[in-house]
Amino acid sequence: MTCHDYKDLMMGYLDGELSPEQKSRFENHLAGCPECAGELEQFRKLKAITDHVNLVEPEDRIWQDYWGVVYNRIERGLGWIIFSVAGIMLVIYGGLKTIEQIIKDPSVEIVCKVALVALVVGLAILFVSVLRERLFFWKKDRYRDVRR
Amino acid sequence: MATLCQEETLVMQRCRRGSREAFEVLVKMYMKDAYFIALGLVGNHEDALDLSQEAFVRAYRHIKQVKPDRRFFPWFYQILKNLCISHLRKRRLRRSASLDSPDCPEVAVQDDSFSPAAVADKDETKKRVWQAIGKLDEKHREVIILRHFRGMSYEQMAEALFCNKGTVTSRLYYARRKLHELLGTEKGGGTNDVP
């Protein structure tokens, strides 16, 4: 084994994560390798400081209010979903009613009515196409369950 | 770090059935871990608080997707990490955009991430270590944060990072080496002046 192979054992040794057998193997290597011994010493100093870097603890008030903030966001998220769905439904309903009125209105020219119907049909085709594509890729997505 | 126990398994089962009370238990169990990990990843208090809370909101919305044999924290950690990384990318984009903006050069030079104010100690070396951690890439920064700031074992880290223990030790080695280099290259900031 080369020194490079011992780097993982060095980390485990430093962090107290080695089994007694691994520890003794690493110590044997260390006894005959001043380079690894020097590197270990550097890491030991670094770990000594890093372990004692204390980050500022937020005030108690932050922890007391923490769940409240999360809860409010969950609730508002639900509110936004219901609001958006209702909004979309109303817009679609209003749009269809308006189109119906225009088509039934004898004063509106036939060209305008045909263009309006074509616009609605075109939009519907685009919507269905995008939706089908999304569903197709979602079903075939090999990574959709990754990291869950 | 809380260890896997019967209580967590029961709480997770109730969460999957949509219980907000059960989710509150999980939030209170892991809020400090979430906050400090986010702080370690993004570097400032306001963003860390906001991102950790947002991660819990997203976890609540998708908790039914967690498999029954999975622990909460490693799954939650992925959500939190992705949010933090996405936030950092946006921040970098904003910063590079502001660098291009001749109207507000003061915004371009302002960099409040990994401010020494986040460190409770008055020790200058510790403040430099904190700032050097901020200069590590995300992959290396997260192992330092999980190990040194949350005291996670290699096994817990491997579970949270979706890798094996060998990868954890290897990342720790390179992260610490980089950290040592960063401190060594800064004037008077090496680890050799530590008693």
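What you see is a predicted model, and the numbers here were worked out from it, not measured in a lab.

Quick notes on the rules
- Residues numbered from 1 in each chain as written.
- Chains lettered and ligands numbered in written order.
- Predicted model: local features only at pLDDT ≥ 70, side-chain atom pairs only at ≥ 80, totals over all residues.
- Domains from an automatic or database assignment.
- Contact = placed C-beta atoms within 7 Å.
- Helix = DSSP H or I, 4+ residues; strand = E, 2+ residues; numbered from the N terminus.
- Nonpolar A, V, L, I, M, F, W, Y, C, P; charged D, E, K, R; others polar.
- Core = buried A, V, L, I, M, F, W, Y, C linked by C-beta atoms within 7 Å.
- Buried ≥ 20, exposed ≤ 12 C-beta atoms within 10 Å, placed from the backbone.

Residues and elements named next belong to chain B. Examined at the domain level, chain B breaks down into domain 1 (1-113) and domain 2 (114-186). Listed as interface residues are 17 residues of domain 1 and, on the opposing side, 15 residues of domain 2. Broken down by element, the residue count for the side of domain 1 that touches domain 2 peaks at six residues, all from helix α2 (residues 20-42). For the side of domain 1 that touches domain 2, the residue count by class is nine nonpolar, five polar and three charged.

Relative to the elements of secondary structure, Met29 of chain B occurs in helix α2. Residues Met29 of chain B and Phe73 of chain B, 44 residues apart in the sequence, show an inter-C-alpha distance of 9.9 Å.

This brings us to the nonpolar core. Membership of the largest hydrophobic core comes to 62 residues, with the highest contact counts inside it found for Ala34, Ala38, Ala55, Phe76, Leu80 and Met157 of chain B. Discounting chain neighbours no more than four positions away, the residues touching Ala34 of chain B are Ser52, Ala55, Phe56 and Leu80 of chain B.

Turning to the interface of chain A and chain B, a few remarks are in order. On the chain B side, the residues contacting the 31 residues of chain A number 40 residues. Elements with a contribution of two residues or more to the side of chain A that touches chain B: α1 (7-14), α3 (34-51) and α4 (60-104) of chain A. Residue contributions to the side of chain A that touches chain B peak at nine residues, all from α4 of chain A. Residues of the side of chain A that touches chain B, tallied by class, amount to 17 nonpolar, six polar and eight charged.

Considering the arrangement of structural elements, one finds Val57 of chain B in helix α3 (residues 45-62). Among the residues examined, Val57 of chain B registers 19 C-beta atoms within 10 Å and is labelled partly exposed. Spatially, the C-alpha atoms of Val57 of chain B and Phe23 of chain B are 10 Å apart, while their sequence positions differ by 34 residues. Setting aside residues up to four positions removed in sequence, Val57 of chain B forms contacts with Val70, Arg73, Ile74 and Gly77 of chain A.

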